[in-house]
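Observations on the model geometry
Residue-level listing of the chains:
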Amino acid sequence: MSLEALNKQVKIDLSYLAFGGPNWVRPLSHPEGHVYDVVIVGGGQSGLGAAFGLLRERISNILVIDENREGLEGPWETYARMVTLRTPKHLTSIDLGIPSLTFRAWWEAQFGSESWEALDKIPRGDWMNYLRWFRKVLNLPVVNEVKLKLIEPTDEGIHRLHIEGKGAPSDRLLARKVILATGIQGGGEWHVPPFIAEKLPRHLYAHSSEAIDFKALRGKKIGILGGGASAFDNANFALSEGAAEVHVFVRRNELQRINPIRHMEVSGLIERFQALSDADKYAVIAHFFKYNQPPTNDTFERAASWPGFHLHLGAPWLNVEATDKGAVVTTPQGKFTFDFLIICTGLVTDPALRPELRLVESHIARWGDRYNPPEELANPLLDAHPYLSPGFAFLSRDEKGKKLLYGLFAFNYSGLISCGITASALSGLKYGIPKLVSAVADQLFFDDREEILKDFFAYSEVEFVGEWTKTD
Ligand SMILES: Cc1cc2nc3c(=O)[nH]c(=O)nc-3n(C[C@H](O)[C@H](O)[C@H](O)COP(=O)(O)OP(=O)(O)OC[C@H]3O[C@@H](n4cnc5c(N)ncnc54)[C@H](O)[C@@H]3O)c2cc1C
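Notes on the structure in this doc start here. These numbers were taken from a predicted model, which means no experiment stands behind them.

**Some remarks on the overall build of the protein chain**
Scanning the protein chain from N- to C-terminus turns up 16 helices and 17 strands. Taking 23 Å as the expected radius of gyration for a compact globule of 472 residues, we find that the protein chain reaches 25 Å, a close match to that expectation. If one aligns the C-alpha atoms of the protein chain with their principal axes, the spans along those axes are about 105 × 55 × 45 Å. Residues counted as buried form 52% of the 472 residues belonging to the protein chain. Of the contacts made within the protein chain by residues no fewer than 6 positions apart, 72% connect residues no fewer than 24 positions apart. Each charge class in the protein chain was averaged separately, 51 positive and 58 negative side chains, and the resulting centres sit 4 Å apart.

**Overview of the site of the ligand**
Around the ligand, the surrounding shell holds 30 residues, and the nearest of these are Ser46, Asp66, Glu67, Arg86 and Thr87. One nitrogen or oxygen atom from the main chain of Gly74 is found 2.8 Å from an oxygen atom belonging to the ligand. Contact distances for the ligand include 2.4 Å between a nitrogen atom and a side-chain N or O atom of Thr87. Out of a free accessible area of 960 Å², the ligand has 93% covered by protein chains. Taken together, the elements giving at least two residues each to the shell around the ligand come down to helix H2 (45-56) and strand S4 (147-153). In terms of residue class, the shell around the ligand is made up of 14 nonpolar, ten polar and six charged.

**Examining the nonpolar core**
Formed by 80 residues in total, the largest nonpolar core has its most connected members in Phe134 and Ile179. Ignoring any residue separated from it by four or fewer positions in sequence, one finds Phe134 in contact with Leu48, Gly49, Phe52, Ile94, Asp95, Leu101 and Leu140. If you look at the next biggest cluster of nonpolar residues, it comprises 21 residues, including Ala238, Val248, Val250 and Phe309.

**So, the packing of aromatic side chains**
On inspection of all chains with the given rule, the structure shows 27 aromatic pairs. For the ring pair Phe336 and Phe338, a centre distance of 6.3 Å and an interplane angle of 10° mean the geometry is stacked. Among the aromatic residues, those joined into a cluster by ring pairs are Phe19, Phe52, Phe103, Trp106, Trp107, Phe111, Trp116, Trp127, Tyr130, Trp133 and Phe134. Directly above the aromatic system of Trp116 lies the positively charged group of Lys89, at a separation of 4.7 Å from the ring centroid. Over the ring of Tyr205 we find Arg202; its NZ or CZ atom is 4.5 Å from the centre of that ring.

**Some remarks on the side chain of Asp233**
Along the polypeptide, Asp233 turns up in helix H7 (residues 229-240). Classification of Asp233 as buried rests on a relative accessible area of 4%. For Asp233, the side chain forms a polar contact with the side chain of Arg86, separated by 3.0 Å. Those residues in contact with Asp233, other than ones at most four positions away along the chain, are Arg81, Met82, Arg86 and Thr299.

**Focus on helix H8 (residues 260-267)**
For H8, the complete set of buried residues consists of Pro260, Ile261, Met264 and Glu265. Projected down its long axis, H8 carries its buried residues within an arc of 145°, all on one side. Against helix H9 (278-290) and helix H15 (426-447) lie the buried residues of H8. Residue Gly268 follows H8 closely and has a positive phi angle near 90°.

**Here's the deal with unusual backbone geometry**
The general pattern is negative phi for most residues beyond glycine and trans for most peptide bonds. One non-glycine residue, Asn139, lies in positive phi territory at about 50°. If you trace the backbone, Asn139 turns up in the loop between helix H5 (124-137) and strand S3 (142-144). With a relative accessible area of 65%, Asn139 lands in the exposed category. The phi torsion at Glu145 lies on the positive side, around 55°, for a residue other than glycine. Along the chain, Glu145 falls in the loop between S3 and S4.

**Describing the environment of Ile285**
Position of Ile285 among the secondary structure elements: in helix H9. Overall, Ile285 belongs to the buried group, its relative accessible area being 0%. Separated by 136 residues in the primary sequence, Ile285 and Ile421 have C-alpha atoms spaced 9.4 Å apart. The residues contacting Ile285, other than those within four sequence positions of it, are Phe273, Leu382, Leu416 and Ile417.

**Some details on a nonpolar patch on the surface**
A surface patch of nonpolar side chains, amounting to about 350 Å² of accessible area, comprises Ile12, Tyr16 and Leu17. With respect to the helices and strands, Tyr16 occurs in helix H1 (residues 3-16). Looking at Tyr16, the relative accessible area reads 69%, which means it is exposed.

**Digging into the sheet that holds strand S12 (residues 319-323)**
Read across the sheet, three strands follow the order S12-S13-S14 without closing on themselves; strand pairing throughout is antiparallel. The strands lining the two open edges of the sheet, one partner per strand, are S12 and strand S14 (334-338). Direction aside, the axes of adjacent strands within the sheet are offset by 25° on average. Pairing analysis gives five bridges linking S12 to strand S13 (residues 326-331), with the strands arranged antiparallel. Residue Glu321 lies in a different strand from S13, and its bridge partner there is Val328.

Quick notes on the rules
The numbering scheme is per chain: residues are counted from 1 as the chain's sequence reads. Given that this is a predicted model, residues contribute local features only at a pLDDT of at least 70 and side-chain atom pairs are listed and counted only at 80 or more, while totals for whole chains, interfaces and linings are drawn from all residues. Only hydrogens and water are set aside; all other atoms, that is, all heavy atoms of the structure, feed into the side-chain values. Under the scheme used here, helices are H or I runs from DSSP no shorter than 4 residues and strands are E runs no shorter than 2 residues, and both carry numbers assigned from the N terminus. Computation of the radius of gyration draws on C-alpha atoms alone. For the globule rule, the value is 2.2 Å times the number of residues to the power 0.38. Throughout, exposure labels follow a simple rule: accessible area from a 1.4 Å probe, protein chains only, divided by the maximum for the residue type, with under 20% read as buried, over 50% as exposed, and the rest as partly exposed. Contact criterion: two residues are considered in contact whenever any of their non-hydrogen atoms come within 4.5 Å of each other. Residues scored as charged are limited to Lys and Arg (positive) and Asp and Glu (negative), so that His and the chain ends carry no count. A charged residue contributes its charge at one atom only: NZ of Lys, CZ of Arg, CG of Asp or CD of Glu. In these notes, residues near a molecule or strand are those with any non-hydrogen atom within 4 Å of it. Here a polar contact means two N or O atoms within 3.5 Å. Within protein one must be a hydrogen donor candidate and the other an acceptor candidate, and residues neighboring in sequence count only if both atoms are side-chain atoms. Note on areas: Shrake-Rupley, 1.4 Å probe, and residue coverage restricted to the protein chains presented here. For this classification, the nonpolar set comprises Ala, Val, Leu, Ile, Met, Phe, Trp, Tyr, Cys and Pro, the charged set comprises Asp, Glu, Lys and Arg, and every other residue, Gly included, is treated as polar. Nine residue types can take part in a nonpolar core, namely buried Ala, Val, Leu, Ile, Met, Phe, Trp, Tyr and Cys, and a core is a set of them joined through side-chain atoms within 4.5 Å. Here is the rule: rings of Phe, Tyr and Trp (six-membered ring for Trp) pair when centre to centre is within 6.5 Å. Planes less than 30 degrees apart are stacked, more than 60 are edge-to-face, and the remainder are tilted. When the NZ atom of lysine or the CZ atom of arginine is within 6 Å of a ring's centre and also within 35 degrees of its normal, the charge is said to sit over that ring. The arc in question is the one traced by the directions running from the helix axis out to the C-beta atoms. Note on patches: the residues involved have over 30% relative accessible area and no salt bridge, like charges join within 9 Å, and the nonpolar side chains Val, Leu, Ile, Met, Phe, Trp and Tyr join within 5 Å. The working definition used for a salt bridge is a side-chain nitrogen of Lys or Arg within 4 Å of a carboxyl oxygen of Asp or Glu. We call two strands paired when DSSP finds no fewer than two bridges between them. For helices, the fitted line uses only the C-alpha atoms of the stretch in contact; every axis is such a line through C-alpha atoms, and the angle between N-to-C directions lies from 0 to 180 degrees.

As far as function goes, none of this settles anything; it's purely spatial.
As structure tokens, this is what we get:
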């Protein structure tokens, strides 16, 4: 089969499913212009999957916006530096159960089934190409180079989205519902420990989520802070780009060996997470947080195979200093001088860190407001997470916030404690998207409940026209 034939198969499959039937949501007019039923912020896998899910629900007055240029949404070809995805290749996600839309169908259509059998993990670039194809074959309504700056709830129950960017049709969009599919950092921000950010000039370090000029680091000595997958991805990438030495520093005395996600993927803990009590949800994610994502075996072997690779265990950074020789890092084992530092310390989640939520975040219920964990589990990083509905809706911590937050959905990693890993990460998207779409559709339906019921009770269109004329 070829990609062309696969595209045809997708069309056939969708037509068999009556995909693209008439939109049932009633249009809303507004003096300021067109009102979208749903605006999805983020054109990555979560945003594309959510758009497909909504279209399957016959909700088609939707728009997806993304701040990046077309084809560069998400981390895959921007700041991700691993050779392959970490997730098992067979996991399905945004295809939402349509075989011809799966990554495997896309791969086999181009490279054949033997090649699929031979494939270990999904190459990063191919995953991005699959997302580009998915968007195209479904003709999803995505506009690029549009950045959401601020969400402004209005009295009419719609949200005014203040936007900017080359692709922005104007300085605002109007939407009844807003889905923040803004990525793994979309519920907070990437984190650089203050002792580094406050002490070092920017030319001496970068967070692993930033663009880094590896050509300029050829022949240089690099220090990397962190023991998770991205530390080894960046070490391998820097060495493959010509860095002379890379030193990875890990606070723990031993590398993480266990990846709890693998257990979650087979135990029902992803798809049935919602059945858990708040106490169990908190305990599960607190346990998950204890385990950073270990490097995959192949990533570790790749990094460790370079002569210039050095690993320092039990070596937290106690201090950093900027000198004319570079960045000096102090550890319990001594001082090290580097030309550049790469900070692989992940992200923190708190709606207060999101500029687009500035007008509403003070009303957003957090886990710290709703659940009091046992002392041994208490973790302020968890407590700062939003306490979402099972459908990823923000909930309010006060009366005033109920109206302001109505219609806002966080379909990103900030849903971790409330909804499990069902947003962002591949492993849970196929479970998260239907829950999100159902919740958004329910709200749209309920918002028009009165008119819909009024029309239903008044419905009098004749269907049966049969006449009985014979007389017995
Ligand atoms: C380096 C790395 C490797 C990963 N590897 C794996 C893996 O192997 N397997 C796995 O399951 N998961 C992995 N993940 C986790 C997760 O799958 C990815 O983060 C994935 O990109 C999440 O998809 P998403 O659509 O939710 O977010 P993204 O792909 O990040 O897409 C969100 C988009 O929204 C845009 N955006 C954000 N804010 C705004 C705004 N205000 N206005 C407009 N646009 C905005 C972003 O620029 C981005 O393009 C990895 C994550 C990273 C960072």
